[in-house]
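Chains, contacts and geometry: an overview
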Amino acid sequence: MFRRLPIGGGSGSCCFMTSAPSLPIAIVLGVDTPIGLTVVRELGQHGVPVVAIGRTKGAIGGASRFAQTLLVRPSDRPIADWLPETIRDTGASALFAISEGDLLELAELPPVVAGCQIMTPRKKPLGIVLDK
């Protein structure tokens, strides 16, 4: 499903944090852009463990020292098909998304998925913002 990539240039397999973090784990979806990198850095600098999800293994936000791991998302499936399992696997409590397309897909989901708060606008407010 996902390709787990080692962070920091190592060749070993990557795993999620095993010790209990002081803050809940956050997923940042869309770390392929400078904005995604900035969100990873901002969360990480405040002590939030971050799971970065990008479209490629070269996603810029996944290279940040604040990304605990980088997951390459499936390109052939909608978010609703793979997100709940990813949340369960990572133990994430919050999800942040960067791109409009991802925001629109996430707005169709419930505000909480597998115990994780989806930190994006709901469908109606998002529609107002995107009506340009």
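What comes next concerns the included structure. In this text the structure is predicted, and so the values were computed from the model without any measurement. (Residues numbered from 1 in each chain as written. Predicted model: local features only at pLDDT ≥ 70, side-chain atom pairs only at ≥ 80, totals over all residues. Heavy atoms only, no water.)

Some remarks on the overall build of the protein
When helices and strands are tallied, the protein shows four helices and seven strands. Secondary structure elements of the protein, listed N to C terminal, follow the sequence β-β-α-β-β-α-β-α-β-β-α. Sequence-distant contacts, at least 24 apart, represent 56% of the contacts inside the protein between residues at least 6 apart. Accessible surface, the protein: about 7200 Å² in total, of which carbon and sulfur atoms supply 56%. (Helix = DSSP H or I, 4+ residues; strand = E, 2+ residues; numbered from the N terminus. Contact = heavy atoms within 4.5 Å. Areas by Shrake-Rupley, 256 points an atom, 1.4 Å probe, with all protein chains shown as cover.)

Observations regarding the environment of Leu130
Secondary-structure assignment places Leu130 in helix 4 (residues 123-130). Among residues more than four places away in sequence, those in contact with Leu130 are Glu100 and Leu104.

Some details on the pairing of strand 3 (residues 50-54)
Of all the five residues making up strand 3, five are buried; the element is thus mostly covered by neighbouring parts of the structure. Residue alternation in strand 3 divides its side chains into two sets, Val50, Ala52 and Gly54 and Val51 and Ile53, and both sets are buried. Bridge analysis of strand 2 (residues 26-29) against strand 3 gives four bridges, and the strand direction is parallel. Across the sheet, the residue bridging to Leu29 is Ile53, located in strand 3. (Buried < 20%, exposed > 50% of the residue type's maximum accessible area, 1.4 Å probe, protein only. Pairing = 2+ DSSP bridges.)

Some thoughts on the pattern of salt bridges
Evaluated as defined, the whole model comprises three salt bridges. Here Asp102 and Arg73 are joined by a salt bridge, their closest N and O atoms 2.9 Å apart. Note that Asp102 is positioned in helix 3 (residues 100-107) and Arg73 in the loop between strand 4 (67-72) and helix 2 (79-90), a separation of 29 residues in sequence. Accessibility classification places Asp102 together with Arg73 in one group, the buried group. The residue Glu108 makes a salt bridge to Lys123 at a minimum N-O spacing of 3.2 Å. A residue pair is termed long-range when its members are at least 10 positions apart, and Glu108 in the loop between helix 3 and strand 6 (112-113) and Lys123 in helix 4 qualify at 15 residues. Comparing Glu108 with Lys123 shows no difference in burial state: the two are exposed. (Salt bridge = Lys/Arg side-chain N within 4 Å of Asp/Glu carboxyl O.)

Let's talk about the environment of Arg73
With a relative accessible area of 8%, Arg73 lands in the buried category. A sequence separation of 10 residues divides Arg73 from Leu83, and the C-alpha atoms of the two residues are 9.4 Å apart. Separated by 2.9 Å, the side chains of Arg73 and Asp102 make a polar contact. (Polar contact = N/O pair within 3.5 Å; in protein donor to acceptor, adjacent residues only side chain to side chain.)

Notes on helix 2
Along its 12 residues, helix 2 runs 16 Å from first to last C-alpha, staying within 8% of the 16 Å computed at 1.5 Å per residue. Three or more residues of helix 2 are buried, namely Ile79, Trp82, Leu83, Thr86, Ile87 and Thr90. Down the axis of helix 2, the smallest arc covering the buried residues is 140 degrees, so these residues share one side. With its phi angle positive at about 75 degrees, Gly91 sits one or two positions after the end of helix 2. (Expected span 1.5 Å × (residues − 1). Arc of directions from axis to C-beta.)

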